[in-house]
Amino acid sequence: MAFTEFLIALVVALIVAKILEEVFVRLGLPPVIGDIVAGIIVGRSFLGIFVPEEGTATDALAWLGVVLLLFYAGLETDYRSFIGGIRRFIVVSLLDVSLAFINGFIVGWILGYPLNQSVFIGTILVATSVSLTVKTLLDLGKLDTDEGLTILGVAVLDDIQGLIVLVAALSVVVYGVINIKDIAFVALSAFLFWLSAVIVIGRLSSGIFKVFSRLHIDNALPILSIILGLLVAALAGIIGLSPIVGAYAAGLALARCRRFQIVSEKIKVIVDLLATLFFVASSARIAIEVALKPEYVWSYALFIGFALLGKTLGNTLGSRIVGLPWNKALIVGVGMWPRAEVALIAATIGMAHGVVSTPIYFATVMLIIVTSIIVPPTIKLLYRMQESKSHTS
């Protein structure tokens, strides 16, 4: 009976999501907004019929969706263009992380928090989650552009740097000093893991394709490719990186062999279905009536404003420095706005150590809600402005 009730709730959630996707597409907006609104409607905020709790099978299935989405994004990326842009991505990422952290620290200072709490607010704002941006760029057919590759590359490096900043912040909170050895170890192991995964699997990609293709199992190529992507995602999680970074690395590495394009075509349906589940589940957990307490409004406005400002300045200026025109640089800046799991993890760790207050935790939740809603239409608007200028010139 419980399983039947789960199926009914899942079906209702997916039907509402797909209806709203159609509505938003007809309005000229990215369909992912429909998934987010659907989650708010069927989830904790309103109907309460679909509320996947953390740690449940539904939650795990939703996370599988975003892991597969990033694996798919890797397969859809031009390997040579991405690898050729690594130096540019490093420049942008360094500026992005620095300004995001500084902006977060300023928020803490304005709100009157002590040094260690301000440091942790900066740590929360460093985090980026580009799954929403990736889905939007895929829907618009813009993932494999200069700005799309920059967003993906910077996001990978941001995740590594975010882990380093979190370790440093914890050192300040727990020990009162920064533990250089721990930070160096985390930085080196995270970067070497990601780089070795991309290079080793990339060099073996043609051989992997031949082996998988010769097997007599039904759909051996797409299934074993997915398993390989999940393995690398799991290994990334073990060393402290977000599993989606590992999944993207695996997809990108396999993309070095152009024949793996057939895999992305075969898995697109399941990726679309589970990605929809992820975005619905993400917004379904949020209780808007709790988050929208009047006494938190000033904290939210300040927190969200500086969060968007830091990412916009860091990524836009960084992208300009490495040669992107202003219009594409601004798309990178906006594309790096979203926060999700990494920001919440940092906020939760901060709460556990007594350095993140309830208003800041809810501000993190509100940042996730706001960026989830405004990023897709903002990116589409920027592309429309870009296209209108090209037509008039």
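Here the residue numbers are simple positions, counted from 1 along each chain's written sequence. Only residues with pLDDT of 70 or above have their local features reported here, since the model is predicted, and side-chain atom pairs are shown and tallied only from 80 upward, although totals for entire chains, interfaces and linings are computed over all residues. Each side-chain value is derived from all of the structure's non-hydrogen atoms; neither hydrogens nor water enter the calculation.

Enquirer: Where do I start with the packing of helix α6 (residues 115–126) against helix α14 (residues 297–321) in this structure?
Expert: For any two helices packed against each other, one specifies the inter-axial angle together with the distance between the axes. Fitted lines through C-alpha atoms give the axes, limited to the stretch in contact for helices. The angle between two N-to-C directions lies from 0 to 180 degrees. Only DSSP runs of H or I with at least four residues qualify as helices, and only runs of E with at least two residues qualify as strands; both kinds are numbered from the N terminus onward. In the contact formed by α6 and α14, the axes pass within 10 Å of each other and the chain directions differ by 55 degrees. Taken together, α6 and α14 sit at an angle that is classed as oblique. For α6 against α14, the interelement crossing comes out right-handed. On the side of α6, the interface is formed by I121, I124, L125 and V126, while α14 contributes F303, F306, A307 and K311. For classification, angles of less than 35 degrees are called roughly parallel, those exceeding 145 degrees roughly antiparallel, those between 65 and 115 degrees roughly perpendicular, and all remaining angles oblique. When the near helix sits turned anticlockwise from the far one by under a right angle, the crossing is termed left-handed; a clockwise turn instead gives a right-handed crossing. The contact definition used throughout considers only heavy atoms, calling two residues in contact when any of these lie within 4.5 Å.

Enquirer: When you look at helix α7 (residues 131–140) in this model, what are you seeing that I'm missing?
Expert: Counting buried residues in α7 gives seven out of 10 residues, a clear majority hidden from the surface. Where α7 ends, the next residue or the one after it, G141, has phi of about 70 degrees, a positive value. Note on classification: 1.4 Å probe, protein chains only; a residue is buried when its accessible area is under 20% of the maximum for its type, exposed when over 50%, partly exposed between these limits.

Enquirer: So what exactly am I meant to see when it comes to the packing of aromatic side chains here?
Expert: Both the distance between ring centres and the angle between the ring planes are used here to describe each pair of aromatic rings. Each aromatic pair joins two rings of Phe, Tyr and Trp (for Trp, the six-membered one) with centres within 6.5 Å, and gets the label stacked for planes under 30 degrees apart, edge-to-face for over 60, and tilted for any other angle. Inspection of every chain in the model, using the stated rule, returns seven aromatic pairs. Joined through ring pairs, the aromatic side chains of F82, F89, W194 and Y248 make up one cluster.

Enquirer: Help me understand the side chain of E147, please; the structure alone is not making it clear to me.
Expert: Take E147: it is sitting in helix α8 (residues 146–175). Any pair of nitrogen or oxygen atoms within 3.5 Å is treated as a polar contact; in protein, a donor-acceptor pairing is required on top of that, and neighbouring residues in sequence qualify only through side-chain atoms on both sides. Separated by 2.6 Å, the side chains of E147 and Y383 make a polar contact. Not counting residues within four places of it along the chain, the set of residues in contact with E147 comprises L324, K328, I331, V332 and Y383.

Enquirer: Looking at this structure, I do not really get the layout of surface pockets. What am I missing?
Expert: The rolling of a water-molecule-sized probe over the atoms marks out the regions of remaining empty space. Considered as a void within the structure, the second largest pocket measures approximately 150 Å³ in volume. We place a 1 Å grid over just the protein atoms. Points where a 1.4 Å probe fits but has no way out form a cavity, open points with protein on both sides within 12 Å along at least 5 of 7 lines form a pocket, and any residue with an atom within 4 Å of a point lines it. Together, 14 residues line the second largest pocket, and Y72, E76, L138, D139 and K268 are the ones closest to its centre. Those elements giving two or more residues to the lining of the second largest pocket turn out to be α3 (57–75), α7 and α12 (261–284). For the lining of the second largest pocket, the element with the most residues is α7, which contributes four residues. Side-chain classes are defined by residue name, with Ala, Val, Leu, Ile, Met, Phe, Trp, Tyr, Cys and Pro counting as nonpolar, Asp, Glu, Lys and Arg as charged, and the others, Gly among them, as polar. Partitioned by chemical class, the residues of the lining of the second largest pocket number six nonpolar, one polar and seven charged. Grid points are joined across faces, edges and corners, and a volume is the space filled by probe spheres set on the points.

Structural measurements only, silent on function.
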